[in-house]
Amino acid sequence: MGVHPNLPNVAQAYKDGEASFFANIGSLVEPITKAEYKAKTKKTPPALFSHNIMQRSLHNQHPQDSSSAGVIGRMFKALTEQSSPYKSQVYSLMGNVKALEGSLQPNIVSPWSGIEQYGGAVETASDFEKINGNVSTCPLSETFSAILQQTLKQTEFLGPKLKSVSLTHPFNVDHHPGRNLDKVAKLIKLRSELKYEREAYYVQLHGYDTHFYVDYTSLWGNLDEALGNFKKEMVAQGIWDGVTVVVVSEFGRQLKTNGQGTDHAWGSNQWIMGGSVKGGQIHDIRTACKKVETTTLEVTGLSSLLLPGRRSTSHWLSGWALKPQKLLKSSRISTISHRVPW
């Protein structure tokens, strides 16, 4: 397995034992071989190779149930509803997305401007309280009212704090990966004030749908630069051992050309990196060259990447797991009282 030459920071993290790859990974309903796929004797995820459905399957990791809550949402539901709950929060730099459905309302953060604030929030606070003070018999009205008030309070609280943060290692904000991880790093730097024990930050990048070209130079180069700066900043903040970065895609690309670029595949190669990752591994490399993947997103699963670490503030961009001992250094493994429901 090779790494693109424009991913030197990722390659170095792998050599340093802080990054691992998942080969040939994708959505599955049940274990399946190439022969079973061709014979149609096993169930497969719906609408394979389509963007919208495979994105949904990635977001909920339950492809046979389109209404299933998001995978990060389910993780945080487990974390906040167990007998000894963690104080948790979720942030999205891509608006409301499927992956975050099912638990906490995410804080929406703009990669460009941070937390958008309502200009007249202070002056109109009493008016908003009066308008929303009456109790409605309609549950939808009450839900809307509660979300509105919570959003106004949260943006007024968090917006100024985020603007005031300065980083030790500034990011190149001229490209999207840098803009996103700049905001994530600043939110993490607020940890001593916000006092959350588990946080997730959802970031989404575009441009990898290479039907008409095969030049990944700037795509990988920009991402690698941002990840390199992110690690430096996390080390400077003293929190690198409490951070796990998970880089995923809904599908990979075919090895053969379509004449200009490459079309959709099923499985893909994905990676995790962080100070507590048991790196230098390629999971399921024996299947990496097969057309039908044998490693499912659920198997690389959920319950450990968000759970490692003693009961102190830790930060996770998203989470998966095989067995904790395979992915994480043993000193960083902990558990919750019940498994994430599927």
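Residue positions are counted from 1 within each chain, in the order its sequence is given. Only residues with pLDDT of at least 70 are given local features in this predicted model, and only at 80 or more are side-chain atom pairs given and counted; all residues enter the totals for whole chains, interfaces and linings. The basis for every side-chain value is the complete set of heavy atoms in the structure, and neither hydrogens nor water enter the calculation.

*Asks:* Break down the overall build of the protein chain for me, citing the residues and quoting the values.
*Replies:* Scanning the protein chain for helices and strands turns up ten helices and nine strands. For the exposure calls, accessible area comes from a 1.4 Å probe over protein chains only, and a residue counts as buried if that area is under 20% of its type's maximum, exposed if over 50%, partly exposed in between. When each of the 342 residues of the protein chain is scored for burial, the buried share is 50%. Any two residues whose heavy atoms approach within 4.5 Å are treated as being in contact. Sequence-distant contacts in the protein chain: of pairs separated by 6 or more residues, those separated by 24 or more amount to 70%. When the accessible area of the protein chain is evaluated, it comes to approximately 16,400 Å², of which 55% is carbon and sulfur surface. Comment: elements are numbered from the N terminus, with helices defined as DSSP H or I runs of at least four residues and strands as E runs of at least two. Accessible surface area values rest on a Shrake-Rupley calculation with a 1.4 Å probe, where residue burial reflects the displayed protein chains alone.

*Asks:* Break down the pattern of salt bridges for me, with residues and values.
*Replies:* What counts as a salt bridge is simple: a side-chain nitrogen of Lys or Arg found within 4 Å of a carboxyl oxygen of Asp or Glu. On inspection of all chains with the given rule, the structure shows eight salt bridges. Its salt-bridge partner being Glu101, residue Lys98 comes within 3.3 Å of it at the nearest N-O pair. Residue classification places Lys98 among the buried residues on the basis of a relative accessible area of 18%. In this structure Glu101 comes out as partly exposed when scored by relative accessible area, which is 40%. The partner of Lys186 in a salt bridge is Asp182, with the nearest N and O atoms 3.4 Å apart. Pair noted here: Lys186 and Asp182 are both in helix 7 (residues 176–189), with a separation of four residues, about one helical turn. Each member of the pair, Lys186 as well as Asp182, carries the same accessibility label: buried. If you follow the salt bridges from partner to partner, you end up with Asp182, Lys183 and Lys186 in one network.

*Asks:* Any chance you could break down the nonpolar core for me, citing the residues and the numbers?
*Replies:* By nonpolar core is meant a set of buried Ala, Val, Leu, Ile, Met, Phe, Trp, Tyr and Cys residues that side-chain atoms within 4.5 Å join together. Counting residues in each nonpolar core, the largest one holds 38 residues, and the members touching the most others are Tyr91, Leu227, Phe230, Met234, Trp271 and Met273. Elements with a contribution of two residues or more to this core: helix 1 (8–15), strand 1 (19–26), helix 6 (139–163), helix 7, helix 9 (217–237), strand 5 (243–247) and strand 6 (268–274). Here the element with the most residues in this core is helix 9; it accounts for seven residues. Val71, Val97, Leu100 and Tyr202 belong to the second largest nonpolar core, which has twelve residues in total.

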